Amino acid sequence: MKKVLGMFLAAAALGTALLTILPATQARAEVVLSYANFPPAITFPCVQMERWAEEVEKRTNGAVVVETYPGGTLLGAKDMFDGVKDGQADIGCTSMAYFPGAFPLTSVLEVPVGFSSSTVPSLVLWDLYEKHNPEAFADFKVLTMFTTAPSNLMATQPVRTLADLQGLEIRASGGASRVLEMLGAVPVSKPMSETPDALQKGLVQGLLSSLEVLKDFNFAETCRYETVTNFQVYPFAVVMNRDVWDSLDPEVQQVLEELGREQCLWTGQYMDEHVVESLAWSKETYDIEVIEWPEADMAQALETLSPMIDEWKAAASEAGLDAEALFAEMMDLKAKYEAEYGE
Ligand code: DTR
(Lines give C-alpha, C1' and ligand atoms only; values in the text may rest on other atoms or scores of the structure.)
Protein backbone atom coordinates (compact mmCIF):
# COMPACT_ATOMS: atom_id res chain seq x y z
CA MET A 1 0.00 0.00 0.00
CA LYS A 2 1.23 3.46 -0.84
CA LYS A 3 -0.05 6.22 1.40
CA VAL A 4 0.74 9.76 0.33
CA LEU A 5 -1.84 12.08 1.82
CA GLY A 6 -4.96 11.56 3.86
CA MET A 7 -6.72 14.88 3.52
CA PHE A 8 -9.32 13.77 1.06
CA LEU A 9 -12.12 15.55 2.85
CA ALA A 10 -10.31 18.84 2.56
CA ALA A 11 -9.64 18.08 -1.08
CA ALA A 12 -13.32 17.38 -1.55
CA ALA A 13 -14.20 20.73 -0.02
CA LEU A 14 -11.95 22.49 -2.48
CA GLY A 15 -13.81 20.55 -5.15
CA THR A 16 -13.66 21.36 -8.79
CA ALA A 17 -11.65 24.55 -8.28
CA LEU A 18 -8.73 22.43 -7.15
CA LEU A 19 -9.24 19.92 -9.90
CA THR A 20 -9.05 22.60 -12.55
CA ILE A 21 -5.77 23.92 -11.14
CA LEU A 22 -4.01 20.62 -10.49
CA PRO A 23 -3.33 17.94 -13.07
CA ALA A 24 -5.48 14.87 -12.39
CA THR A 25 -2.69 12.82 -10.83
CA GLN A 26 -1.81 15.53 -8.31
CA ALA A 27 -5.44 16.08 -7.36
CA ARG A 28 -5.68 12.42 -6.34
CA ALA A 29 -4.24 12.19 -2.85
CA GLU A 30 -3.72 8.49 -2.96
CA VAL A 31 -3.74 5.43 -0.85
CA VAL A 32 -3.43 2.47 -3.20
CA LEU A 33 -4.93 -0.76 -1.93
CA SER A 34 -4.48 -4.13 -3.61
CA TYR A 35 -7.54 -6.39 -3.53
CA ALA A 36 -7.12 -10.09 -4.36
CA ASN A 37 -9.90 -12.40 -5.46
CA PHE A 38 -9.82 -16.00 -6.63
CA PRO A 39 -12.49 -16.63 -9.31
CA PRO A 40 -12.78 -15.10 -12.79
CA ALA A 41 -13.70 -11.41 -13.11
CA ILE A 42 -17.19 -12.13 -14.41
CA THR A 43 -18.29 -14.03 -11.27
CA PHE A 44 -20.16 -12.52 -8.33
CA PRO A 45 -17.26 -12.27 -5.82
CA CYS A 46 -15.40 -10.13 -8.37
CA VAL A 47 -18.45 -8.15 -9.48
CA GLN A 48 -18.98 -7.13 -5.86
CA MET A 49 -15.25 -6.35 -5.57
CA GLU A 50 -15.41 -3.92 -8.51
CA ARG A 51 -18.49 -2.27 -7.08
CA TRP A 52 -16.78 -1.85 -3.71
CA ALA A 53 -13.65 -0.45 -5.35
CA GLU A 54 -15.71 2.08 -7.31
CA GLU A 55 -17.67 3.16 -4.25
CA VAL A 56 -14.53 3.60 -2.18
CA GLU A 57 -12.89 5.72 -4.85
CA LYS A 58 -16.04 7.78 -5.24
CA ARG A 59 -16.66 8.26 -1.53
CA THR A 60 -13.07 9.26 -0.81
CA ASN A 61 -13.02 11.58 -3.81
CA GLY A 62 -10.21 9.57 -5.32
CA ALA A 63 -8.03 9.64 -2.20
CA VAL A 64 -8.17 5.85 -2.07
CA VAL A 65 -7.57 3.84 -5.21
CA VAL A 66 -8.26 0.11 -5.22
CA GLU A 67 -6.32 -2.11 -7.60
CA THR A 68 -8.25 -5.31 -8.15
CA TYR A 69 -6.75 -8.72 -8.93
CA PRO A 70 -9.44 -11.20 -10.01
CA GLY A 71 -8.87 -14.78 -11.17
CA GLY A 72 -6.27 -15.71 -8.56
CA THR A 73 -3.69 -13.43 -10.17
CA LEU A 74 -2.48 -12.29 -6.76
CA LEU A 75 -3.82 -14.92 -4.35
CA GLY A 76 -5.77 -18.15 -4.77
CA ALA A 77 -8.88 -19.16 -2.79
CA LYS A 78 -7.02 -21.16 -0.17
CA ASP A 79 -4.09 -18.74 0.20
CA MET A 80 -6.32 -15.76 0.78
CA PHE A 81 -6.25 -15.42 4.57
CA ASP A 82 -2.54 -16.19 4.94
CA GLY A 83 -1.69 -13.96 1.99
CA VAL A 84 -3.56 -10.97 3.39
CA LYS A 85 -2.13 -11.57 6.85
CA ASP A 86 1.39 -11.65 5.38
CA GLY A 87 0.79 -8.51 3.33
CA GLN A 88 0.89 -10.10 -0.13
CA ALA A 89 -2.40 -8.30 -0.73
CA ASP A 90 -4.00 -5.54 1.32
CA ILE A 91 -7.48 -7.00 0.89
CA GLY A 92 -8.72 -10.49 0.00
CA CYS A 93 -12.02 -12.22 -0.63
CA THR A 94 -12.74 -15.91 -0.25
CA SER A 95 -15.33 -18.36 1.00
CA MET A 96 -15.01 -19.55 4.57
CA ALA A 97 -16.37 -22.89 3.36
CA TYR A 98 -12.97 -23.61 1.82
CA PHE A 99 -11.47 -23.71 5.34
CA PRO A 100 -13.34 -26.47 7.22
CA GLY A 101 -13.11 -26.04 10.97
CA ALA A 102 -11.41 -22.63 10.82
CA PHE A 103 -14.54 -20.53 11.35
CA PRO A 104 -16.64 -22.26 14.01
CA LEU A 105 -19.11 -19.40 14.40
CA THR A 106 -19.80 -18.21 10.87
CA SER A 107 -19.92 -21.80 9.57
CA VAL A 108 -23.42 -21.93 11.06
CA LEU A 109 -24.47 -20.51 7.67
CA GLU A 110 -23.26 -23.76 6.10
CA VAL A 111 -25.94 -25.77 7.87
CA PRO A 112 -28.91 -26.36 5.53
CA VAL A 113 -31.76 -24.56 7.31
CA GLY A 114 -33.86 -23.55 4.30
CA PHE A 115 -32.62 -20.17 3.19
CA SER A 116 -34.19 -19.33 -0.14
CA SER A 117 -32.12 -16.33 -1.24
CA SER A 118 -28.73 -14.72 -0.86
CA THR A 119 -30.01 -11.42 0.54
CA VAL A 120 -31.38 -12.87 3.79
CA PRO A 121 -28.46 -15.14 4.77
CA SER A 122 -26.01 -12.38 3.83
CA LEU A 123 -27.64 -10.00 6.31
CA VAL A 124 -27.89 -12.76 8.91
CA LEU A 125 -24.17 -13.46 8.53
CA TRP A 126 -23.24 -9.79 8.83
CA ASP A 127 -25.34 -9.33 11.95
CA LEU A 128 -23.85 -12.42 13.59
CA TYR A 129 -20.37 -11.26 12.70
CA GLU A 130 -20.89 -7.71 13.99
CA LYS A 131 -22.46 -8.84 17.22
CA HIS A 132 -19.99 -11.58 18.10
CA ASN A 133 -16.79 -10.36 16.48
CA PRO A 134 -15.44 -13.92 16.16
CA GLU A 135 -11.94 -14.68 17.35
CA ALA A 136 -11.16 -16.32 13.98
CA PHE A 137 -10.90 -12.85 12.41
CA ALA A 138 -8.67 -11.31 15.09
CA ASP A 139 -5.79 -10.87 12.63
CA PHE A 140 -7.90 -8.91 10.16
CA LYS A 141 -10.20 -6.00 9.64
CA VAL A 142 -13.35 -7.49 8.15
CA LEU A 143 -14.66 -5.18 5.44
CA THR A 144 -17.80 -7.08 4.55
CA MET A 145 -19.37 -10.52 4.45
CA PHE A 146 -22.07 -12.10 2.32
CA THR A 147 -23.29 -15.49 1.23
CA THR A 148 -24.22 -17.16 -2.00
CA ALA A 149 -27.79 -18.09 -2.83
CA PRO A 150 -28.74 -21.63 -1.73
CA SER A 151 -27.01 -24.59 -3.35
CA ASN A 152 -28.63 -26.65 -6.05
CA LEU A 153 -27.47 -29.62 -8.02
CA MET A 154 -26.15 -29.09 -11.54
CA ALA A 155 -25.39 -32.36 -13.28
CA THR A 156 -24.44 -33.93 -16.58
CA GLN A 157 -27.26 -36.46 -16.15
CA PRO A 158 -30.75 -36.09 -14.71
CA VAL A 159 -31.00 -36.50 -10.94
CA ARG A 160 -34.76 -36.93 -10.64
CA THR A 161 -34.85 -38.65 -7.27
CA LEU A 162 -32.72 -39.10 -4.20
CA ALA A 163 -31.88 -42.57 -5.52
CA ASP A 164 -30.38 -41.05 -8.68
CA LEU A 165 -27.87 -39.20 -6.53
CA GLN A 166 -26.35 -42.33 -5.02
CA GLY A 167 -22.68 -42.74 -5.90
CA LEU A 168 -22.51 -39.69 -8.19
CA GLU A 169 -19.25 -37.75 -7.90
CA ILE A 170 -20.18 -34.16 -7.31
CA ARG A 171 -17.94 -31.18 -6.68
CA ALA A 172 -18.65 -29.08 -3.58
CA SER A 173 -16.85 -27.56 -0.59
CA GLY A 174 -17.26 -27.37 3.18
CA GLY A 175 -20.83 -27.86 4.39
CA ALA A 176 -21.97 -28.68 0.87
CA SER A 177 -19.56 -31.62 0.71
CA ARG A 178 -21.01 -32.93 3.96
CA VAL A 179 -24.52 -32.59 2.50
CA LEU A 180 -23.53 -34.74 -0.47
CA GLU A 181 -21.85 -37.33 1.71
CA MET A 182 -24.89 -37.68 3.95
CA LEU A 183 -27.18 -38.05 0.95
CA GLY A 184 -25.13 -40.87 -0.58
CA ALA A 185 -23.22 -38.99 -3.28
CA VAL A 186 -19.42 -38.87 -3.43
CA PRO A 187 -18.27 -35.33 -2.66
CA VAL A 188 -15.18 -34.07 -4.45
CA SER A 189 -14.07 -31.04 -2.45
CA LYS A 190 -12.53 -28.22 -4.49
CA PRO A 191 -12.81 -24.45 -4.61
CA MET A 192 -14.96 -23.12 -7.43
CA SER A 193 -11.92 -22.01 -9.41
CA GLU A 194 -10.92 -25.68 -9.96
CA THR A 195 -14.39 -26.84 -10.97
CA PRO A 196 -14.36 -26.11 -14.74
CA ASP A 197 -11.31 -28.34 -15.10
CA ALA A 198 -12.83 -31.14 -13.00
CA LEU A 199 -16.01 -31.09 -15.09
CA GLN A 200 -14.14 -30.97 -18.36
CA LYS A 201 -11.96 -33.93 -17.42
CA GLY A 202 -15.02 -35.88 -16.29
CA LEU A 203 -13.67 -36.15 -12.74
CA VAL A 204 -17.10 -35.11 -11.49
CA GLN A 205 -20.60 -35.47 -12.88
CA GLY A 206 -21.80 -32.19 -11.51
CA LEU A 207 -21.58 -29.66 -8.75
CA LEU A 208 -23.58 -28.40 -5.79
CA SER A 209 -23.59 -24.61 -5.77
CA SER A 210 -25.68 -21.53 -6.40
CA LEU A 211 -27.17 -21.40 -9.90
CA GLU A 212 -25.62 -18.17 -11.16
CA VAL A 213 -22.55 -20.24 -12.10
CA LEU A 214 -24.54 -21.89 -14.92
CA LYS A 215 -24.04 -18.67 -16.84
CA ASP A 216 -20.89 -17.20 -15.33
CA PHE A 217 -18.81 -20.35 -15.84
CA ASN A 218 -20.90 -21.63 -18.75
CA PHE A 219 -21.55 -24.77 -16.68
CA ALA A 220 -24.97 -24.99 -18.34
CA GLU A 221 -23.21 -26.32 -21.41
CA THR A 222 -22.04 -29.48 -19.60
CA CYS A 223 -24.58 -29.60 -16.79
CA ARG A 224 -27.93 -29.59 -18.59
CA TYR A 225 -29.88 -30.94 -15.59
CA GLU A 226 -30.50 -28.73 -12.58
CA THR A 227 -32.20 -30.19 -9.52
CA VAL A 228 -33.74 -27.66 -7.16
CA THR A 229 -32.62 -28.55 -3.64
CA ASN A 230 -32.14 -25.18 -1.92
CA PHE A 231 -29.49 -26.60 0.38
CA GLN A 232 -26.99 -24.53 2.34
CA VAL A 233 -25.34 -21.26 1.37
CA TYR A 234 -21.61 -20.53 1.23
CA PRO A 235 -20.41 -17.73 3.52
CA PHE A 236 -17.77 -15.29 2.21
CA ALA A 237 -15.52 -12.80 3.96
CA VAL A 238 -13.60 -9.81 2.66
CA VAL A 239 -10.69 -9.08 4.95
CA MET A 240 -8.02 -6.39 5.16
CA ASN A 241 -4.52 -6.66 6.57
CA ARG A 242 -4.64 -5.28 10.15
CA ASP A 243 -1.58 -3.04 9.81
CA VAL A 244 -2.92 -1.57 6.60
CA TRP A 245 -6.21 -0.84 8.33
CA ASP A 246 -4.45 0.79 11.27
CA SER A 247 -2.48 2.99 8.89
CA LEU A 248 -5.58 4.46 7.23
CA ASP A 249 -6.89 7.90 8.13
CA PRO A 250 -9.98 7.85 10.36
CA GLU A 251 -12.02 9.45 7.56
CA VAL A 252 -11.11 6.64 5.21
CA GLN A 253 -11.79 4.07 7.89
CA GLN A 254 -15.21 5.58 8.39
CA VAL A 255 -16.03 5.31 4.69
CA LEU A 256 -15.03 1.63 4.73
CA GLU A 257 -16.96 0.97 7.94
CA GLU A 258 -20.08 2.50 6.46
CA LEU A 259 -19.77 0.32 3.39
CA GLY A 260 -19.68 -2.96 5.36
CA ARG A 261 -23.37 -3.71 5.69
CA GLU A 262 -24.30 -1.85 2.55
CA GLN A 263 -21.92 -3.96 0.49
CA CYS A 264 -23.29 -7.12 2.10
CA LEU A 265 -26.84 -6.18 1.09
CA TRP A 266 -25.79 -5.05 -2.38
CA THR A 267 -24.06 -8.36 -3.02
CA GLY A 268 -26.99 -10.43 -1.76
CA GLN A 269 -29.39 -8.56 -4.00
CA TYR A 270 -27.06 -8.72 -6.99
CA MET A 271 -26.70 -12.48 -6.50
CA ASP A 272 -30.46 -13.04 -6.26
CA GLU A 273 -31.13 -11.14 -9.47
CA HIS A 274 -28.27 -12.86 -11.21
CA VAL A 275 -29.53 -16.36 -10.36
CA VAL A 276 -32.81 -15.57 -12.12
CA GLU A 277 -30.95 -14.15 -15.11
CA SER A 278 -28.60 -17.14 -15.24
CA LEU A 279 -31.47 -19.66 -15.28
CA ALA A 280 -33.27 -17.80 -18.06
CA TRP A 281 -30.05 -17.58 -20.09
CA SER A 282 -29.29 -21.28 -19.57
CA LYS A 283 -32.78 -22.28 -20.66
CA GLU A 284 -32.54 -20.16 -23.77
CA THR A 285 -28.98 -21.09 -24.67
CA TYR A 286 -28.83 -24.79 -23.73
CA ASP A 287 -32.44 -25.73 -23.07
CA ILE A 288 -31.55 -26.93 -19.58
CA GLU A 289 -34.06 -28.96 -17.61
CA VAL A 290 -35.01 -27.80 -14.11
CA ILE A 291 -35.99 -30.78 -11.99
CA GLU A 292 -37.89 -30.88 -8.71
CA TRP A 293 -37.70 -33.94 -6.52
CA PRO A 294 -40.90 -35.65 -5.43
CA GLU A 295 -42.01 -34.21 -2.10
CA ALA A 296 -41.22 -37.44 -0.27
CA ASP A 297 -37.62 -37.43 -1.56
CA MET A 298 -37.10 -33.83 -0.54
CA ALA A 299 -38.55 -34.53 2.92
CA GLN A 300 -36.30 -37.55 3.26
CA ALA A 301 -33.25 -35.54 2.20
CA LEU A 302 -33.95 -32.86 4.80
CA GLU A 303 -34.53 -35.49 7.45
CA THR A 304 -31.23 -37.17 6.54
CA LEU A 305 -29.45 -33.84 6.77
CA SER A 306 -30.91 -32.78 10.11
CA PRO A 307 -27.95 -34.22 12.10
CA MET A 308 -25.83 -31.49 10.50
CA ILE A 309 -27.37 -29.07 12.97
CA ASP A 310 -26.10 -31.16 15.88
CA GLU A 311 -22.75 -31.62 14.21
CA TRP A 312 -22.35 -27.86 13.91
CA LYS A 313 -23.45 -27.39 17.52
CA ALA A 314 -20.96 -29.98 18.77
CA ALA A 315 -18.08 -28.38 16.83
CA ALA A 316 -19.08 -24.88 17.93
CA SER A 317 -19.34 -25.95 21.59
CA GLU A 318 -15.93 -27.53 21.33
CA ALA A 319 -14.62 -24.19 20.11
CA GLY A 320 -16.04 -22.57 23.24
CA LEU A 321 -19.13 -21.02 21.69
CA ASP A 322 -22.66 -21.00 23.05
CA ALA A 323 -23.89 -23.09 20.13
CA GLU A 324 -27.56 -23.33 21.19
CA ALA A 325 -27.87 -19.57 21.57
CA LEU A 326 -26.05 -18.85 18.33
CA PHE A 327 -28.16 -21.26 16.34
CA ALA A 328 -31.34 -19.79 17.81
CA GLU A 329 -30.07 -16.31 17.00
CA MET A 330 -29.46 -17.29 13.39
CA MET A 331 -33.00 -18.64 13.08
CA ASP A 332 -34.47 -15.50 14.66
CA LEU A 333 -32.53 -13.27 12.28
CA LYS A 334 -33.61 -15.48 9.37
CA ALA A 335 -37.27 -15.01 10.34
CA LYS A 336 -36.79 -11.27 10.81
CA TYR A 337 -35.15 -10.69 7.44
CA GLU A 338 -37.48 -13.05 5.59
CA ALA A 339 -40.38 -10.95 6.85
CA GLU A 340 -38.56 -7.74 5.89
CA TYR A 341 -37.72 -8.94 2.37
CA GLY A 342 -41.00 -10.76 1.75
CA GLU A 343 -39.66 -14.31 1.46
N1 DTR B 1 -21.01 -22.05 -4.01
C2 DTR B 1 -19.66 -21.81 -3.66
C3 DTR B 1 -19.27 -20.39 -3.81
C4 DTR B 1 -19.56 -19.80 -5.11
C5 DTR B 1 -20.78 -19.64 -5.70
N6 DTR B 1 -20.66 -18.98 -6.88
C7 DTR B 1 -19.35 -18.72 -7.08
C8 DTR B 1 -18.67 -18.09 -8.11
C9 DTR B 1 -17.32 -17.97 -8.03
C10 DTR B 1 -16.61 -18.44 -6.95
C11 DTR B 1 -17.24 -19.07 -5.91
C12 DTR B 1 -18.61 -19.22 -5.97
C13 DTR B 1 -18.79 -22.75 -4.37
O14 DTR B 1 -19.37 -23.61 -4.99
O15 DTR B 1 -17.57 -22.71 -4.24
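Above: the structure in question.
Residues numbered from 1 in each chain as written. Predicted model: local features only at pLDDT ≥ 70, side-chain atom pairs only at ≥ 80, totals over all residues. Heavy atoms only, no water.

Caption draft 1: Region of the structure containing the packing of aromatic side chains. Summed over the entire model, instances satisfying the criterion amount to 17 aromatic pairs. Considering the side-chain rings of Trp266 and Tyr270, the 5.5 Å spacing of their centres and the 0 degrees angle between planes classify their relative orientation as stacked. Here the residue Trp266 and the residue Tyr270 both occupy positions in helix H11 (residues 250-286), the gap between them amounting to four residues, near one helical turn. With relative accessibility at 27%, the residue Trp266 sits in the partly exposed group. Centroid distance Trp281 to Tyr286: 5.7 Å. Interplanar angle 80 degrees. Geometry classified as edge-to-face. Taken together, the aromatic side chains of Phe81, Phe99, Phe103, Trp126, Tyr129, Phe137 and Phe140 make up a single cluster linked through ring pairs. Between the NZ or CZ atom of Lys313 and the centre of the ring of Phe327, over which it lies, the distance is 4.9 Å. Here the guanidinium or amino end of Lys334 rests over the ring plane of Phe115, the centre of that ring lying 5.6 Å away. (Phe/Tyr/Trp six-rings, centres within 6.5 Å; stacked < 30°, edge-to-face > 60°. Helix = DSSP H or I, 4+ residues; strand = E, 2+ residues; numbered from the N terminus. Buried < 20%, exposed > 50% of the residue type's maximum accessible area, 1.4 Å probe, protein only. Lys NZ or Arg CZ within 6 Å of the ring centre and 35° of its normal.)

Caption draft 2: Just the side chain of Ser107, in detail. Summarising the element assignment, Ser107 is placed in the loop between strand E4 (91-95) and helix H5 (119-132). Among the polar contacts made by the side chain of Ser107, one reaches the side chain of Trp312 at a distance of 3.1 Å. (Polar contact = N/O pair within 3.5 Å; in protein donor to acceptor, adjacent residues only side chain to side chain.)

Caption draft 3: Structural view of the site of the ligand. Surrounding the ligand, one finds 16 residues, the nearest of these being Tyr98, Arg171, Ser209, Glu212 and Tyr234. Between the ligand and Arg171, the relevant distance is 2.5 Å, taken from an oxygen atom to a side-chain nitrogen or oxygen of the residue. When the ligand sits alone it has 350 Å² of accessible area, and the protein chains cover 100% of it. (Near = heavy atom within 4 Å. Areas by Shrake-Rupley, 256 points an atom, 1.4 Å probe, with all protein chains shown as cover.)

Caption draft 4: Inspection of the nonpolar core at higher detail. In this structure, Phe137 and Leu256 are the most contacted members of the largest nonpolar core, which totals 110 residues. Here the element with the most residues in this core is H11; it accounts for ten residues. (Core = buried A, V, L, I, M, F, W, Y, C linked by side-chain atoms within 4.5 Å.)

Caption draft 5: Looking closely at H11. Here H11 spans 51 Å end to end across 37 residues, near enough to the 54 Å set by a 1.5 Å rise per residue. The sharpest bend along H11 reaches about 40 degrees and sits at Gly260. After H11 finishes, the residue Asp287 shows a positive phi value of roughly 50 degrees. (Expected span 1.5 Å × (residues − 1). Bend = angle between axes of the 7 residues up to and from the residue.)

Caption draft 6: Geometry of helix H7 (residues 174-182). Of the residues making up H7, those classed as buried are Gly175, Ala176, Ser177, Val179, Leu180 and Met182. The first or second residue beyond H7 is Gly184, which carries a positive phi of 95 degrees.

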